[in-house]
Amino acid sequence: MIRALFLSLALALPAAAQEVIVSGMSQNRVSITADFDGSEILIYGAVKRDAPAPEGGPLEVIVTVEGPATPVAVRRKGRVAGIWVNNASVTIGSAPSFYAVATTGPLTHILSDVDNLRYGITIERVIRAIGISAEADKSGEFILALLRVRTNEGRYRILEGKVELTEETLFRSDVELPANLTEGEYKVRLFLLRNKHVVASQEKVIGVRKEGLERFVFNLAKQQPLVYGLVSLVLAAVAGWGASAAFRLIRT
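Read on for an overview of the structure.

**Structural notes on a nonpolar patch on the surface**
Working step 1: On the surface, a nonpolar cluster with roughly 240 Å² of combined accessible area is contributed by Val 80, Ile 83 and Val 85.
Working step 2: By relative accessible area, Ile 83 is classed as exposed at 51%.

**Regarding the environment of Ser 133**
Working step 1: The topology assignment puts Ser 133 in the loop between helix 4 (123-126) and helix 5 (140-152).
Working step 2: For the pair formed by Ser 133 and Val 90, sequence separation is 43 residues and the distance between their alpha carbons is 8.5 Å.

**Quick word on the side chain of Thr 103**
Working step 1: Among the structural elements, Thr 103 can be located in strand 7 (residues 99-103).
Working step 2: Residue Thr 103 is classed as buried on the basis of its relative accessible area, which comes to 0%.

**Structural notes on the sheet that holds strand 2 (residues 29-32)**
Working step 1: Spatially, six strands are ordered 2-12-11-4-7-8 in an open sheet, and the strand pairing comes out mixed. With partners counted over all chains shown, the strands left at the sheet margins are strand 2 and strand 8 (156-159), one partner each. Ignoring which end each strand starts from, the neighbouring axes of this sheet average 15° apart.
Working step 2: When strand 2 meets strand 12 (residues 197-210), the two strands line up parallel, connected through four bridges. Bridge pairing links Val 30 to Val 208 in strand 12.

**Let's talk about helix 5**
Working step 1: Across its 13 residues, helix 5 extends 19 Å between first and last C-alpha, which sits within 8% of the 18 Å expected from 1.5 Å per residue.
Working step 2: Within helix 5, burial applies to Phe 142, Ala 145, Leu 146, Leu 147 and Arg 150.

**A look at the sheet that holds strand 3 (residues 39-49)**
Hydrogen bonds along the backbone pair up the strands of a sheet, which may run parallel or antiparallel.
Working step 1: Read from one edge of the open sheet, four strands run 1-3-10-9, paired in antiparallel fashion. Across the chains shown, the open sheet's two edge strands, defined by having one partner strand only, are strand 1 (19-25) and strand 9 (164-166). Within the sheet, the average angular offset between the axes of one strand and its neighbour, ignoring direction, is 20°.
Working step 2: Relative to strand 10 (residues 170-177), strand 9 runs antiparallel, the two being bridged by three bridges. Looking at strand 10, one finds that Glu 164 is bridged to Arg 172.

Calculation notes
Residues numbered from 1 in each chain as written. Predicted model: local features only at pLDDT ≥ 70, side-chain atom pairs only at ≥ 80, totals over all residues. Heavy atoms only, no water. Patch = residues over 30% accessible without salt bridge, like charges linked within 9 Å, V, L, I, M, F, W, Y side chains within 5 Å. Areas by Shrake-Rupley, 256 points an atom, 1.4 Å probe, with all protein chains shown as cover. Salt bridge = Lys/Arg side-chain N within 4 Å of Asp/Glu carboxyl O. Buried < 20%, exposed > 50% of the residue type's maximum accessible area, 1.4 Å probe, protein only. Helix = DSSP H or I, 4+ residues; strand = E, 2+ residues; numbered from the N terminus. Pairing = 2+ DSSP bridges. Axes fitted to C-alpha atoms, helices over the stretch in contact; angles between N-to-C directions. Expected span 1.5 Å × (residues − 1).

Right under this line is the structure:
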């Protein structure tokens, strides 16, 4: 009897809206050619619900684009006998070659520390630097230096307020990819948040690869390094001879 009463009460309550991301991208493949100077990806989508939107905090959206991760050696210079030399270094186990975070608002206002740690959303949470404290003093400064350098290069970007959200249903964001892209798969993640907590997420992939002459040179260097070296020497010699001949003509 009691069980039946609880069941009837549960059925009488309004169902909580389950929010799901339905998204797309302007392109899922980027080709790096000899004249490649960057690209722009449009990431768009909508929020699908099976009930009215839940009450409470407003809906927020975060979009991240992450390039292939590699180990990175970071060195610190110091002055020794009046000369600047590398006096300490650490190896960061994994750092993305490119990372962009686009949001509907300030990260500190829409994302909790718990969910940031759980999903690894901000740049600091994506970098893996386990054990570097044993390699050098003040190891945290090396991570800050890496963030500063790659931010200045345009490879790490925080784009707060760059996701447009319409009536808590439609959203879009434009993410620029720089010219110095690393070949590989770029992971695109989308997050819906309410009250600073993630309520839905989705993941997509953008393929980035060299094409044409760039692809030929890359494959030659990787697969036949001896031939690549010989061809480079021949081209350098021809270029030097051509420059010398041009100067002789100019003098005459």
